[in-house]
Amino acid sequence: AEDGADFADEVRRCTGLAVEILSGDEEARLSYLGALQTLPPTARDKGVVIFDIGGGSTELAEGRDAGPERSLSLPLGARVLTEGFLPSDPVTDGERRRLRGFLAEALEEVWTPAAGAEVLGIGGSVTTLGALWHRLEVYDPDRVGGTRLESAEIRRLADRLAALPVRRRAELPGLEAGRAEIILAGCEIALAVLDRLGRT
């Protein structure tokens, strides 16, 4: 966030607690290490790629074990891209096409992962996709964690979300009201990342 340092200063002033602002690279590294803990050791043999979709950025990291061998942080967040590309309610086909074109260009610097590498998505947008797919009335991390979604399934969810105004999206089982506005951009980021990684 642009006001991250000011926020950290205010927290320190009010509470006495020190807040550390993470760099994009450090966020990618920690996301990777956290995701790695969910996998059995045998699943790491061919490599692991994680992508973490946030509100202001998306991080990617790849490795095999203790730490990522390469990582990247891009200013492609669900909230930022909603504000920049999807202003209509419901969104238009043209807005979605422009966003997809932008994402394809923005992700050109993402590497080709090792053959057979496991790809894991983490963060609020991805877990929301899992909750939507399961149609959860009450969020259940045990059901959402480990959910496997093909690109075609994410695309169907995205098309369904795009056809609805935000107030109707918020009524869908699995979608908390606070994410209704930005979840479509989250879907489009996930689809673009999977396409760039060769996971369709």
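Before reading on, note that the structure itself is shown above.
Here goes a summary of the coordinates provided. These numbers were taken from a predicted model, which means no experiment stands behind them.

Reading the values: rules and limits
Residues numbered from 1 in each chain as written. Predicted model: local features only at pLDDT ≥ 70, side-chain atom pairs only at ≥ 80, totals over all residues. Heavy atoms only, no water. Helix = DSSP H or I, 4+ residues; strand = E, 2+ residues; numbered from the N terminus. Rg over C-alpha atoms; globule rule 2.2 N^0.38 Å. Contact = heavy atoms within 4.5 Å. Pairing = 2+ DSSP bridges. Axes fitted to C-alpha atoms, helices over the stretch in contact; angles between N-to-C directions. Parallel < 35°, antiparallel > 145°, perpendicular 65-115°, else oblique. Nonpolar A, V, L, I, M, F, W, Y, C, P; charged D, E, K, R; others polar. Core = buried A, V, L, I, M, F, W, Y, C linked by side-chain atoms within 4.5 Å. Buried < 20%, exposed > 50% of the residue type's maximum accessible area, 1.4 Å probe, protein only.

1. Points about the overall build of the protein
So, step 1. Assigned secondary structure in the protein consists of nine helices and four strands.
So, step 2. Against the 2.2 N^0.38 benchmark of 16 Å for 200 residues, the protein shows a C-alpha radius of gyration of 17 Å, consistent with a compact globule.
So, step 3. Projected onto its principal axes, the C-alpha coordinates of the protein cover approximately 50 × 45 × 35 Å.
So, step 4. Considering only contacts within the protein whose residues lie at least 6 apart along the sequence, 64% involve residues at least 24 apart.

2. Regarding the sheet that holds strand E1 (residues 48–53)
So, step 1. If you walk across this open sheet you meet the four strands as E3-E2-E1-E4, and the pairing is mixed. What marks the edges here is a single partner per strand, and that holds for strand E3 (68–74) and strand E4 (118–122). Going across the sheet, the axis of each strand differs from the next one's by a mean of 15 degrees, ignoring polarity.
So, step 2. Bridge count between E1 and E4: five bridges; the pairing is parallel. Residue pairing for E4: Ile50 is matched across the bridge by Leu120.

3. Focus on the packing of helix H3 (residues 78–85) against helix H9 (residues 183–196)
So, step 1. Here H3 crosses H9 at 105 degrees, and the two axes come no closer than 8 Å. With respect to H9, the element H3 is oriented roughly perpendicular. Mapping the contact onto sequence places Ala78, Leu81 and Thr82 in H3 and Ala185, Gly186 and Ile189 in H9.
So, step 2. Looking at side-chain class alone, the contact of H3 with H9 contains four nonpolar, two polar and no charged residues.

4. Remarks on the side chain of Glu95
So, step 1. Residue position: Glu95 is located in helix H4 (residues 93–106).
So, step 2. Look past the residues within four positions of Glu95 in its chain and what remains in contact with it is Phe85, Leu86, Pro87 and Ser88.

5. Some points on the nonpolar core
So, step 1. Core analysis: the largest hydrophobic core is formed by 42 residues, its most contacted members being Phe51, Leu60 and Leu161.
So, step 2. For this core, the elements supplying multiple residues, two or more each, are E1, E3, H3, H4, helix H5 (124–134), helix H7 (151–162) and H9.
So, step 3. Take this core: its biggest share by element is ten residues, from H9.
So, step 4. Not counting the four nearest positions on each side in its chain, Leu60 is found in contact with Ala28, Ile50, Phe51, Arg70, Ser71, Leu72, Leu74, Val110, Trp111, Val193 and Leu197.
So, step 5. In terms of nonpolar packing, the next biggest core, distinct from the first, is built from eight residues, Tyr32, Ala35, Leu36 and Ile50 among them.

6. Quick look at unusual backbone geometry
So, step 1. The residue after Asp89, namely Pro90, is reached through a cis peptide bond having omega 0 degrees.
So, step 2. Turning to its location among the elements, Pro90 is positioned in the loop between H3 and H4.
So, step 3. Non-glycine residue Arg135 carries a positive phi angle of around 55 degrees.
So, step 4. Looking at the element boundaries, Arg135 is found in the loop between H5 and helix H6 (141–144).

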